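Notes for the structure review
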Amino acid sequence: MSKACILVVDDRPDIRLSASFVLEDNGYQVLEAESPYQAKEIIQSSKVDLILLDMNYSLDTTSGDEGLDFLSWLAKAAGNIPAVAMTAWSNVELAVKAMQLGAGDFIEKPWKNQRLLQIIEHQLTLTGLKVQNQKLQQRLEPEQSNDYVWRSPCMQELMAQIESVAQTDVTILLTGDNGTGKSQLAKYIHQVSKVQSGPFISVNMGAISENLFESEMFGHSKGAFTDAKSNRIGRFELAKDGTLFLDEIANIPLSQQAKLLRVLESGEYEVLGSSQTQQTNIRLVSASNGDFGKLIANEAFREDLFYRLNTLEFRVPSLRERAQDIIALAQHFVKTAADKYQKPALAISADAQQALLEYHWPGNIRELSHLMERAVLLTRHKELQVSDLHLNTQIATTALPMMTLEQAERKLIKQALAVNDNHIAKAAALLGLTKSSMYRRLEKYPDLQS
Ligand SMILES: Nc1ncnc2c1ncn2[C@@H]1O[C@H](COP(=O)(O)OP(=O)(O)OP(=O)(O)O)[C@@H](O)[C@H]1O
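These figures come from a predicted structure and were not determined experimentally.

Let's talk about the site of the ligand
Near the ligand lie 18 residues; those nearest to it are Val149, Gly179, Lys182, Ser183 and Gln184. Within the contact set of the ligand, an oxygen atom lies 2.7 Å away from a side-chain nitrogen or oxygen of lysine 182. Here the ligand loses 86% of its free accessible area of 630 Å² to cover by the protein chains. Mapped by element, the contributors of at least two residues to the shell around the ligand are helix H7 (182-191), helix H13 (323-340) and helix H15 (364-378). Residue contributions to the shell around the ligand reach at least three from each of two domains, namely domain 2 (153-315) and domain 3 (319-396).

Rendered as C-alpha cells:
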C-alpha cells in the first residue's frame, strides 16, 4: 500500500519542519504549504490524504478566519480529504468553528507527537471507513449468482471469443435484442476478467436524467448544487479496480456524450463542485439494442464515442438463432424457480419441450425465464405440460418456428387449404401461386389432397 500523504499548511517554517520530521519518521509522505493559497494549488495537482492546517497566517491575527475560509473551500472542492485544525491551546471557540466547517479534529499547539500521530491515524481510518461505507450503500444491486448457460454452436463460438479477451482490459460493446442476456454476459465477463475481485457496477444509462448525469457518473461534493446535501460517490469511483457496465448506452443524451468521451479518452474526470482531477481505473463494458449506424447517421450518437466503446463488439444472438440453448435454459430456469419456491424437482415433458422449440421467442431469454417461473409456480403436474406453459400461440402462429423450407411449404399449403375448405384455386391464390404450380406442389404431398 502506498504511504498516506499529509499536507502541512503553516506559514511558520519551523512548525512545518517539526511536523515533517515526526510524520516522515512514522512512515508518512509529507507535502508542505506556507499559505492556504499554496495548499489549494497542491490539492488540485497532487493526491493528498490528510491536511494539517494552521488557522492563522498574518502576523498578530488570532481570528482564524483564513483557516476557516480554507475549510469552507475544502468542503466544496475536496470534501473527502480530512483536515485537522491546529489551534492555540486556549482557543476552544476556534476549534469548534473549524469542526463545524468540516475539520475532522483539532490539535493544540505546541503538540505532543504521540497525540498528533494518534489523531492523524484515527482520521485516516475514519475516512477510509466512510468511503467504504458509502460505496457499499451505493452498490444497490444485490450480488447475483451468475449461472450463465449456453450450448449452441453460435454461443460456443461467441464465448470462446469472449474468454480469449476477458483477461485483457479492452473495452467491449455487447449488442443484441432485448432480453438476449447482454447484462448477464457483462457480469460473466467481469467474473472471468482479471478485475474479478473488484466491484461490478451496472448503470442503466436510459434511467439517468440528463441533469443528473454528471453527478451520477462522476459524483458530487456537498453544496456543488442546490440539492447536493451530502457528498456522493460517482459510478466511476464506485467501479474503481472493477468493471463499469453501461447498459442501454445508446440512450445517453447527446449533450452528455462529450463528457463521457472525455473520460474515456483521457482517463480523467472531476467530481462536480471540485477542481481536483481524478484518474479512472476501470474495465468498461457497455451494451445496447440500438442501431448505431442509424443513430450516428441521424446525429443522435457521436461516432467518436461509438469507436471508443466498440474496440471489440460482440452481438449476442436472439434465442430463435440458438435453438439448441432453449431446452438447457428452460431446465435451468425450472430448477432455479423450484429452488426459489421450495418445490420438488420438475421435468419438462417431451410435448412441452417441442412446444418450447417451436415458439418464436420475441422476448428472448427474459421471456423464457418468466414463462418457466410461472409454469413452476402454477403447475399441478409432476412433469411440466404444454398447458402449463401458456405460450402466446396467437402470436406464435403468425410467426414461423424454425423448420426446413420443405416443412414450411407443406404447412402453409395445408393451412391455405384448410381456410378455403380444400378449394385448390382459392388456396393457390392465397399463397400467390398459379393453379398449375399449386397442383405441381400437391403432387409432392399427396396426403394433403383429400
Ligand atoms: N445464458 C444465460 N443463462 C442463464 N440466464 C440467462 C442467460 N442469458 C440471460 N439470462 C437471464 O435472462 C434474463 C434477461 O437477461 P439480460 O437482462 O441479461 O438481457 P439483456 O439483453 O441485457 O436485456 P435488455 O436489452 O432488455 O437490457 C435475465 O433474467 C438473465 O438472468
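Once you've had a look at it, read on.
A look at the environment of alanine 250
Here alanine 250 lies in the loop between strand E10 (242-247) and helix H10 (254-266). Take alanine 250: its relative accessible area is 12%, and that puts it in the buried class. Not counting the four nearest positions on each side in its chain, alanine 250 is found in contact with Ser288, Gly290, Phe292, Leu295 and Phe301.

Examining the domain arrangement of the protein chain
Partitioning the protein chain into structural domains gives domain 1 (5-138), domain 2 (153-315), domain 3 (319-396) and domain 4 (405-449). Placing a centre on the C-alpha atoms of domain 3 and another on those of domain 4 gives a separation of 33 Å.

Quick look at the pattern of salt bridges
In this structure the tally under the stated criterion is 17 salt bridges. Arginine 16 is paired through a salt bridge with glutamate 32; the nearest N and O atoms lie 3.1 Å apart. Residue arginine 16 is located in helix H1 (residues 13-25), and its partner glutamate 32 is located in strand E2 (residues 29-33); the two are separated by 16 residues in the primary sequence. Given the relative accessible area of 11%, arginine 16 is considered buried. In this structure, a network of salt bridges that share partners links the residues Asp10, Asp54 and Lys109.

Observations regarding the sheet that holds strand E3 (residues 50-54)
The strand order E2-E1-E3-E4-E5 describes an open sheet built from five strands, whose pairing is parallel. Strand pairing shows two members of the sheet lacking a second neighbour, E2 and strand E5 (105-109), which therefore form its edges. Along the sheet, successive strands turn relative to each other by an average axial angle of 20°, direction set aside. Where E3 lies against strand E4 (residues 83-88), four bridges are found, and the strand directions are parallel. Counterpart to aspartate 54 in the pairing with E4 is methionine 86. Across the sheet, H1 touches strand E1 (5-9), E2, E3 and E5, and the angle it forms with E2 is around 170°.

What about the nonpolar core?
Counting residues in each nonpolar core, the largest one holds 29 residues, and the members touching the most others are Met217, Leu244, Leu246, Ile249 and Leu260. Elements supplying a minimum of two residues to this core: strand E7 (200-204), helix H8 (213-218), helix H9 (235-238), E10, H10 and helix H12 (303-309). Residue contributions to this core peak at four residues, all from H10. For leucine 260, the residues in contact, after removing those within four places along its chain, are Phe213, Phe236, Leu246, Ile249, Ile252 and Leu305.

Details of H13
Spacing of three or four residues puts side chains on the same side of an α-helix, whose turn is 3.6 residues. Between its first and last C-alpha, H13 extends 26 Å over 18 residues, near the 26 Å set by a 1.5 Å rise per residue. Among all positions in H13, only Asp325, Ile326, Ile327, Ala328, Leu329, Ala330, His332, Phe333, Val334, Ala337 and Ala338 are buried. For H13, the elements touching its buried residues are helix H6 (153-166), strand E15 (347-348), helix H14 (350-358), H15 and strand E16 (383-384). At the C-terminal side of H13, glutamine 342 shows a positive phi close to 50°.

Here is what the cut-offs are and how they apply
Residues numbered from 1 in each chain as written. Predicted model: local features only at pLDDT ≥ 70, side-chain atom pairs only at ≥ 80, totals over all residues. Heavy atoms only, no water. Near = heavy atom within 4 Å. Polar contact = N/O pair within 3.5 Å; in protein donor to acceptor, adjacent residues only side chain to side chain. Areas by Shrake-Rupley, 256 points an atom, 1.4 Å probe, with all protein chains shown as cover. Helix = DSSP H or I, 4+ residues; strand = E, 2+ residues; numbered from the N terminus. Domains from an automatic or database assignment. Buried < 20%, exposed > 50% of the residue type's maximum accessible area, 1.4 Å probe, protein only. Contact = heavy atoms within 4.5 Å. Salt bridge = Lys/Arg side-chain N within 4 Å of Asp/Glu carboxyl O. Pairing = 2+ DSSP bridges. Axes fitted to C-alpha atoms, helices over the stretch in contact; angles between N-to-C directions. Core = buried A, V, L, I, M, F, W, Y, C linked by side-chain atoms within 4.5 Å. Expected span 1.5 Å × (residues − 1).

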